[in-house]
Each structure stands twice: as structure tokens, then as C-alpha cells.
Amino acid sequence: MPNEAPIAASGTVHWIGTGLSTGRTGLALLCDHAERVVLWDRTTERAERRLASLGLAGRAEVRALSPDALAAEVHTGDVVVSMLPAAEHPGLLRLAAARRAHFACTSYVSDELSGPAQEMAAAGLTVLTEAGLDPGIDHLMAHQLVERARREAGDSAAGVDFTSYCGGVPAVPNDFRYRFSWAPYGVLAALGSPARYVDGGVERTARHPWEATRRLALAGEEFEVYPNRDSVPFVAQYGFPERWHLDTFIRGTLRNAGWRAAWSDVFATVRTRDEARIRALAKELADRYPTGAADRDRVVLSVALELRGPDGGTLWRGGQLLDVTGDEQESAMAKCVSLPLTFGLTRLLDGALSAGLHRAAESADEAARWLRFLDGHGLHIRGFGPDGAQTALPVVHPLP
């Protein structure tokens, strides 16, 4: 069992990695709250340039990243934040454990993280995960919808539909319907992973997720969506009552309309499962469709829940929508990833998180705290209740 009182946070945060998910707003707020922030990059020059580009020159210390250098500077109670690719998290988690430091990242919990996190709990250390956009803000929205539906409609429903779709897309769609703003190989590799979800009351697995693509009508606009990863464990994580009979439960990815047709050649390469070919294609596409200085990205996150009675009539419907477009100051993706992470870090620094493994929020009350913070710093979530504008709730259609 996790300890009730973790090792007190020292006030020092080691932010490791300065990629496109490191946002100006979140990092600035962290610099305001923490006693000391140390930004680590391959060289101190790169770290300084990144701070300057974010308008934060001099707000954080900078260091050149190497395992030995990091180990020498991390001390008891510090917080190690990994903004590196997910494959790098386990090594940084082990380093944090060895140095009796806390750990945070925005990625999904994996076996490589959950095992060591249990040992860290016994040592009084906190591990914060799934604290970004997706996973992260989507969890907050889901917990709020489930709590409200249970309160207003009860713990029994003959039919339940839950969908959660998130995507980073070009604000102005191009012919490819996408611009690369993070590791291009990761984008393609994710398409090679099967997706498990509930549809028509039955658990299904899409060997190639794009084959389950559907149209999504959302707030008067058309998108395309497909299931992603394994949705099923989140039924329990979101606190669905056992007497809610699931017809649909899908957590997935959102893309601009026309995406599946535009990516047909990409799918053919992904099907080969030839890593060398996939990596080569990823580099080629990233060169052809980069996110340039003049390009604006957009983040769209929609979470919706509907409960029906035995006669098929609606007992309760609700949804929440986050729609953010980047500007010259900050990309939408960087803001949506860094802001929730920063709030989680402030909770850790303030001693509000117990020892052990935490996700962004695991109750409606805690989710409400996070959402108030996000709203206060420019991430406004639009809500639709059972007596609200029902036409704004997402409607999913088959894609020919």
C-alpha cells in the first residue's frame, strides 16, 4: 500500500527535454511556483535557446544532459520530469528511485513504470503519470461526466455509449490532413498497434486501427476518428458502475476529414511491419509536412456519455469539448500538454499527492480542481448537459 506521507518535495524540479510539448505557459507557471527549475537538454546552448524562444530566458537553470551529470544533481525530494519519448521514462524513473526523488511524465502507465512505482511508494516517493492532454485532460472530463451521470441518473442503465476522441491537427487542413509536431516515427508506429474497444456491446480488436475509422460530426464540423490502444481498462478507471450495460466504449484519435484517403499509401507501408521502411517513410513525411513557424496547430478533444433505459429512451446525455488553436506565442499542443502537467507538479510540490502511482486525477472532485486551474489559464472546456444544446454532442457515422 502507498505511504500516506511521501518524502517531502524539496522544491527543485528537473525538467528533462525541451521538445515541442514543452509549452511557454506551463513552464512559466512552474518557474513561478517551484523554488528552482533546472532545464536539461543535449547541450546548455540548446536549453538556453529553447528558454529564450519561450520568452523565459533566465527563469530556469540549464544543464547538458548525461546520465552521470543528472545523477549527480538529483537529490532527495527533487522531482524528475521526463519530457523525453516514452521509451526513456523507465531509465529516468530508476534514476529517480535511486536518488530518492519523485517522478512525473505525461505518458500512459506501462509495466515498466508500474512495477518500480510500487517500490517507490514503499519508499515514500510519488510517481505522477498520464498528466498531459491525452492521457490527462481526457481523464478529467471523463471523471466529471461519469460522476454527474451517476448522481443524476443512477447506477443502472440498459445501454451506455462513451466516446473520447482527441487529436492534434493542422488549424488549416493541407492535402495530407496532418503536419508533424512530434516524433514522426511514433505517429506511424502507433498505427501498427492493435486497438481494443467495445462496440455494439461486444469487445472488438482492430488489428489495423485505421480500418475502424468513422466520421464524427462535432459542433457543426466533420472529422474522422478511429480507436486507439486498449480502451477497455478505462471502464474501471473511470468508475463505471457494474450495472451500466456498455454498448460503446471507445477512446480514440481524431483527424481532419479526408485523413484516411490521404494516408492510404502510409497504411500500405505500416502493414508491412518493416521497421526500416516505416522509419524511412516517417522521415520523408516529416520533411514534406513539418509544422513550420507560420503554421498553426489545433487540438480538439471531445468526451461524451449517454445513458439509456430499457425502452431505449435517453436517461442522461452529456459531453465536454476542448478546442484550442495555437498562436505565434505557443502551439496548442504544447499548451495542452504542459499546463495540466504543471498543475500536477504544483500538487506534488505542495504535498497534496500521497506516495505511490497517480494519474492526472482519479476522482471527480480532484478533476474539478485541475479543470478550474486549466480554465483560469486559457484552456476553456465547453460542456453540454442533458438540458443543453444536444446538437453539439458528437455524432458518429460509418465511413464508406
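The structure we're discussing is the one just above.
Residues numbered from 1 in each chain as written. Predicted model: local features only at pLDDT ≥ 70, side-chain atom pairs only at ≥ 80, totals over all residues. Heavy atoms only, no water.

Draft legend 1. The pattern of salt bridges, seen in detail. One pass over the structure, following the stated rule, counts 31 salt bridges. A salt bridge links glutamate 61 to arginine 63; the nearest nitrogen and oxygen atoms lie 2.8 Å apart. The residue aspartate 295 makes a salt bridge to arginine 179 at a minimum N-O spacing of 3.7 Å. Pair noted here: aspartate 295 is in the loop between α11 (275-288) and β13 (297-308) and arginine 179 is in the loop between β7 (157-170) and α7 (184-191), with a separation of 116 residues, a long-range link. For arginine 179, a relative accessible area of 24% translates into the label partly exposed. Overlapping salt bridges bring together Asp161, Asp247, Glu306, Arg308 and Arg317 as one network. (Salt bridge = Lys/Arg side-chain N within 4 Å of Asp/Glu carboxyl O. Helix = DSSP H or I, 4+ residues; strand = E, 2+ residues; numbered from the N terminus. Buried < 20%, exposed > 50% of the residue type's maximum accessible area, 1.4 Å probe, protein only.)

Draft legend 2. Expanded view of the side chain of glutamate 130. For glutamate 130, the position within the fold is in the loop between β6 (126-128) and α6 (137-153). When its relative accessible area of 2% is taken as the criterion, glutamate 130 is described as buried. Within the structure, glutamate 130 has its side chain in polar contact with the side chain of arginine 359 (distance 3.3 Å). Discounting chain neighbours no more than four positions away, the residues touching glutamate 130 are Cys105, Thr106, Ser107, Tyr108, Val109, Pro135, Gly136, His139, Phe234, Gln237, Arg359 and Ala360. (Polar contact = N/O pair within 3.5 Å; in protein donor to acceptor, adjacent residues only side chain to side chain. Contact = heavy atoms within 4.5 Å.)

Draft legend 3. Structural detail: helix α4 (residues 89-98). Looking only at α4, the buried set comprises His89, Pro90, Leu92, Leu93, Leu95 and Ala96. Summarising the contacts, the buried residues of α4 are in contact with β1 (12-16), α3 (67-73), β4 (79-82), β5 (102-105), α5 (111-122) and β6. Just past α4, the residue arginine 100 takes up positive phi, approximately 60°.

Draft legend 4. Geometry of the layout of surface pockets. Taken as a whole, the second largest pocket spans an internal volume of roughly 450 Å³. Around the second largest pocket sit 22 residues that line it, and Leu20, Thr291, Asp327, Glu330 and Ser331 are the ones nearest its centre. Looking at the lining of the second largest pocket, the elements that each hand over two or more residues are α2 (44-53) and α12 (332-349). Of the residues in the lining of the second largest pocket, the class split is five nonpolar, ten polar and seven charged. (1 Å grid on protein atoms, 1.4 Å probe; cavity = no way out; pocket = protein on both sides within 12 Å on 5 of 7 lines; lining within 4 Å. Points joined across faces, edges and corners; volume = space filled by probe spheres on them. Nonpolar A, V, L, I, M, F, W, Y, C, P; charged D, E, K, R; others polar.)

Draft legend 5. Main features of the pairing of strand β3 (residues 61-64). Bridge count for strand β2 (residues 36-41) against β3 is four bridges, and the pairing is parallel. Across the sheet, residue valine 38 finds its bridge partner in β3, namely glutamate 61. A crossover links β2 with its parallel partner β3, the connecting element being α2, and its sense is right-handed. (Pairing = 2+ DSSP bridges. Right-handed = clockwise from strand over helix to strand, strands pointing away.)

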